[in-house]
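# Results of the structural survey
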Amino acid sequence: MAIPYETTGRANQKSRTRQALIDATRELLSEGRTPRVEDAAAHSGISRTTAYRYFPNQRSLLLAAQPQLQPDTLLPADAPAEPRARLTSFMIAFTDYNLRYEPQLRSALRLSLEQPATEEDRPLLRRGRAIGWIEDALRPLEVSHPAVDRRELAVAIRSATGIETLVWLLDIAGQSRERAAATVRGTALALLDAAIRESGHQRAWREMTATPEQPSDD
């Protein structure tokens, strides 16, 4: 098994060098560029030869530059309990997250279209963390609307509100970031409302078609 270069000898110095390359990559991404290893090396004042010891190719460099902030939830401890209010609070935080890390997430989006070399190389977008965040935001439905499939709804909301949608709204639809944020927030709430209505219809249908109890002979 190959040993990562930065773990051999002078580990602290090598860790700083690796981080400098990652920081340079993130800065270049924020400028709208998709840096190669030599670009990150030049931007950080590190030799190309040294940079390639840490990142043998562009893919490994871009993967390392992906967002490191991946908490279990984006909601505060005092988040609302009412489903629509809670989802609104979440969508504000989720969209802020996507816009804050937009350059890195755009690169992750490109990488997600490629076949990963190993399971560990899967880009952030393929790891499904956002689905768990949304399920957490939908947690009150367990009590208020237990018939709603929270996992299925979370997948629907993620598919319509993630970085992919924001990229389309910004680049193709020409919306401002503020307008794009409002669009995805409205979409998430519309999906929630539709799921709640559908669960109500299903419940009403079950009650309407239920076999009536036979009168007792007692």
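Structure shown above.
Right, let's walk through the structure included here. One numbering rule holds for all chains: residues counted from 1, following each sequence as written. Local features are withheld for residues below a pLDDT of 70 in this predicted model, meaning they are given only at 70 or higher, and side-chain atom pairs are given and counted only at 80 or more; totals for whole chains, interfaces and linings count all residues. In computing side-chain values, all of the structure's heavy atoms are included and hydrogens and water are not.

## A few points about the pattern of salt bridges
Salt bridges are identified by distance alone: a Lys or Arg side-chain nitrogen within 4 Å of an Asp or Glu carboxyl oxygen. Scanning the model with the defined rule gives 11 salt bridges in all. The salt bridge involving Arg 36 is made with Asp 39; its shortest N-O contact spans 3.2 Å. Note that Arg 139 and Asp 136 form a salt bridge whose closest N and O atoms lie 3.3 Å from each other. Residue exposure (1.4 Å probe, protein chains only): buried if accessible area is under 20% of the type maximum, exposed if over 50%, otherwise partly exposed. For Arg 139, a relative accessible area of 39% corresponds to the partly exposed category. The network of salt bridges with common partners includes Glu 102, Arg 106, Asp 171 and Arg 177.

## Points about the packing of aromatic side chains
Paired rings are identified among Phe, Tyr and Trp, the last through its six-membered ring, by centres lying within 6.5 Å, and are further divided according to the angle between planes into stacked (under 30 degrees), edge-to-face (over 60) and tilted (the rest). According to the stated counting rule, one finds 4 aromatic pairs in the structure shown. On the numbers, 5.3 Å between centres and 15 degrees between planes, the contact of Phe 90 with Phe 94 is stacked. In this pair, Phe 90 and Phe 94 both sit in helix H5 (residues 83-100), 4 residues apart, roughly one turn of the helix. Both residues of the pair, Phe 90 and Phe 94, belong to the buried class. Three or more aromatic residues link up through ring pairs in this structure, and these residues are Phe 90, Phe 94, Tyr 97, Tyr 101 and Trp 133. The secondary structure listing takes helices from DSSP runs of H or I that are at least 4 residues long and strands from runs of E that are at least 2 residues long, numbered from the N terminus.

## Notes on helix H6 (residues 102-112)
In an α-helix, one turn spans 3.6 residues; hence positions three or four apart end up facing the same way. Of all 11 residues making up H6, 9 are buried, and the element is well covered by its neighbours. Residues of H6 that are buried: Glu 102, Pro 103, Gln 104, Leu 105, Ser 107, Ala 108, Leu 109, Leu 111 and Ser 112.

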